[in-house]
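Topology and contacts: notes
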Amino acid sequence: MLKRLYEPAAYSAASLSGCFWAETLPDGRDYAPLSGAARAEFAVIGAGFAGLSAALRLAEAGADVAVLDLHAPGWGASGRNGGFCCIGGAKASGATIARRHGAGELAAHRAAEKAAIALVEELAERYAIDLQRHSDGEVQLAHSPRAYAALREEAPEMARAYGVAAQLIAPEELATQGLAGRGFHGGLHLGLGFGLNPRALALGLAHRAQDLGVRIHANSPAEAITPAPEGYRIATPGGTLTARHLLIATNGYSAENLPGWMRARFLPVQSSVIVTRPLTEDEIAEQGWSSDLMAYDTRNLLHYFRLMPDRRMLFGMRGGVRWTPRAHAEIHRAIRADFETMFPAWGGVETPYFWSGLANLARNLTPFVGAVPGMARAYAAFAWHGNGVAMGTFGGRAMADLALGRAPAIPRFYQAEPKRFELGPARRLALSAAYHYLKVIDAL
């Protein structure tokens, strides 16, 4: 039996109910469940950004690839996130990375962040994937005068580190730039990244991989991995897949015992989203938020939001700790209350879509893309810290390069074995206390 951290409902097909992306972008492809005994040169577990990007990279190299997924391509976090293709991937600060690994590795990480965004653009162009993209980079909005002072100090370093313009926006300038909302005290616009439909990206990768011969099996959860003379034998409810190489890309939907090495090396965290009905031009003018920039605030428990091309407002936040009907009702009330507080003119605007998903953290707060110790020809890629659109896609490709015997273009520290969380299977219980602490910090 698989050992997972959240309640069973978090892993059910019904957990995608209410997701705007899933309900407005159907998938016309078939992905037959694995049936009977099958073989492949490379087995990929997980059909999200990382797994599909890896499968596509392997197929481009002419490899024989099979992908197994709990439900279907894009079902997990990859098809239900906020659609921010942006810098990120590590929760550790630049100063922390430099202290741990040196200035050279920090520079390599910054380069990887930019390369990850460029990879999504490249794949979309090469394979004609309509991403429904918008936004010239992203804007970070200060939630307090103190936070704005920190952004002012940070702006020159951000511009130098990423080699792009970093425009500081004074509090009195927000409204003139279409960024009006309650509780914003200035911002910093960084011209990197863009907004997109995440399900369009996930399905686009899946379709192109399928076109190149990748076998994608939906409703085929990997239930056990055992060594075999040919490599690994992966058991699913309908059959077995034997493969010489194994790639694990399950991120926040991982299990503690698949394989056992994963135990306590990841921490899923819940993120929730609402989406409004299309706003009228009068409603947009009344609130004063007309910008199409991806936006997020400076809180530790941040909010993220963007006005999409169809004039719907997407609004997301962290904070859920349990996957039960009662907990979901509570987070739904909380996210709606925060939305109305920050955008009071839209207090009467309906938000017909609401859903949640699992992002993923590592103990050292940096991504992992590397070999699984003690398992020959086995690799894993996970821990994008809420920024998996770009970094998950990039990490999946890097994992495929490792499996192909190529040198991946990633920092060395990405390949370091992640530490285990101290509380083991009880580590999720610490989230509630941590969130209460962070709320206090955010209020200062």
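Details of the structure are given in the entry above.
The structure displayed is predicted, hence computed values, not measured ones.

1. Focus: the environment of Ile441
Counting through the fold element by element, Ile441 comes out in helix 10 (residues 429-443). Here Ile441 falls in the partly exposed class, since its relative accessible area comes to 32%. On a C-alpha basis, the gap between Ile441 and Pro156 in space is 25 Å, while along the polypeptide they are 285 residues apart.

2. Concerning the pattern of salt bridges
Evaluated as defined, the whole model comprises 25 salt bridges. For Glu113, the salt bridge is made with Arg110, and the minimal N-O distance between the two is 3.5 Å. With a gap of three residues between them, Glu113 and Arg110 both fall in helix 4 (residues 103-126), about one helical turn apart. Between Arg133 and Glu121 there is a salt bridge; the shortest N-O distance is 2.9 Å. Of this pair, Arg133 sits in the loop between helix 4 and strand 4 (138-141) while Glu121 sits in helix 4; the two residues are 12 residues apart in sequence, bridging distant segments of the chain.

3. Brief notes about the packing of aromatic side chains
What describes a pair of aromatic rings is the distance from one ring centre to the other and the angle between the planes of the rings. What the rule picks out here adds up to 21 aromatic pairs. Here the aromatic residues Phe184, Trp289, Phe305, Phe315, Phe339, Phe343 and Trp346 are joined through ring pairs into a cluster of three or more. Above the plane of the ring of Tyr11 lies Arg4, whose end atom (NZ or CZ) is 4.7 Å from the centre. Lying over the aromatic face of Phe266, Arg427 brings its terminal NZ or CZ to 5.1 Å of the ring centre.

4. Focus on unusual backbone geometry
In this structure, Pro259 follows Leu258 across a cis peptide bond, with omega equal to -10°. By secondary structure assignment, the location of Pro259 is in the loop between strand 11 (239-248) and strand 12 (267-275). Positive phi, normally seen in glycine, also occurs at Asn251, with a value near 45°. As for its placement among the helices and strands, Asn251 is situated in the loop between strand 11 and strand 12. By relative accessible area, Asn251 is classed as buried at 14%. Backbone geometry places Ala383, a non-glycine residue, at a positive phi of 75°.

5. Overview of the packing of helix 2 (residues 49-60) against helix 6 (residues 198-211)
Packing of helix 2 against helix 6 brings their axes to within 9 Å, and their N-to-C directions diverge by 30°. As the angle between them shows, helix 2 and helix 6 are arranged roughly parallel. Crossing of helix 2 over helix 6 shows left-handed handedness. From helix 2, Phe49, Leu52, Ser53 and Leu56 reach across to helix 6, where they touch Pro198, Leu201, Ala202, Leu205, Ala206, Arg208 and Ala209. In the contact of helix 2 with helix 6, the residues fall into nine nonpolar, one polar and one charged.

6. Comments concerning the state of the cysteines
What the rule picks out here adds up to zero disulfides. Not engaged in a disulfide, the cysteine Cys19 finds its nearest cysteine sulfur in Cys85; these two sulfurs lie 18 Å apart. Residue Cys85 stays outside any disulfide, its sulfur separated by 7.1 Å from that of Cys86, the closest cysteine.

Thresholds, definitions, all that
- Residues numbered from 1 in each chain as written.
- Predicted model: local features only at pLDDT ≥ 70, side-chain atom pairs only at ≥ 80, totals over all residues.
- Heavy atoms only, no water.
- Helix = DSSP H or I, 4+ residues; strand = E, 2+ residues; numbered from the N terminus.
- Buried < 20%, exposed > 50% of the residue type's maximum accessible area, 1.4 Å probe, protein only.
- Salt bridge = Lys/Arg side-chain N within 4 Å of Asp/Glu carboxyl O.
- Phe/Tyr/Trp six-rings, centres within 6.5 Å; stacked < 30°, edge-to-face > 60°.
- Lys NZ or Arg CZ within 6 Å of the ring centre and 35° of its normal.
- Axes fitted to C-alpha atoms, helices over the stretch in contact; angles between N-to-C directions.
- Parallel < 35°, antiparallel > 145°, perpendicular 65-115°, else oblique.
- Left-handed = near helix turned anticlockwise from the far one by under 90°.
- Contact = heavy atoms within 4.5 Å.
- Nonpolar A, V, L, I, M, F, W, Y, C, P; charged D, E, K, R; others polar.
- Disulfide = S-S within 2.5 Å.

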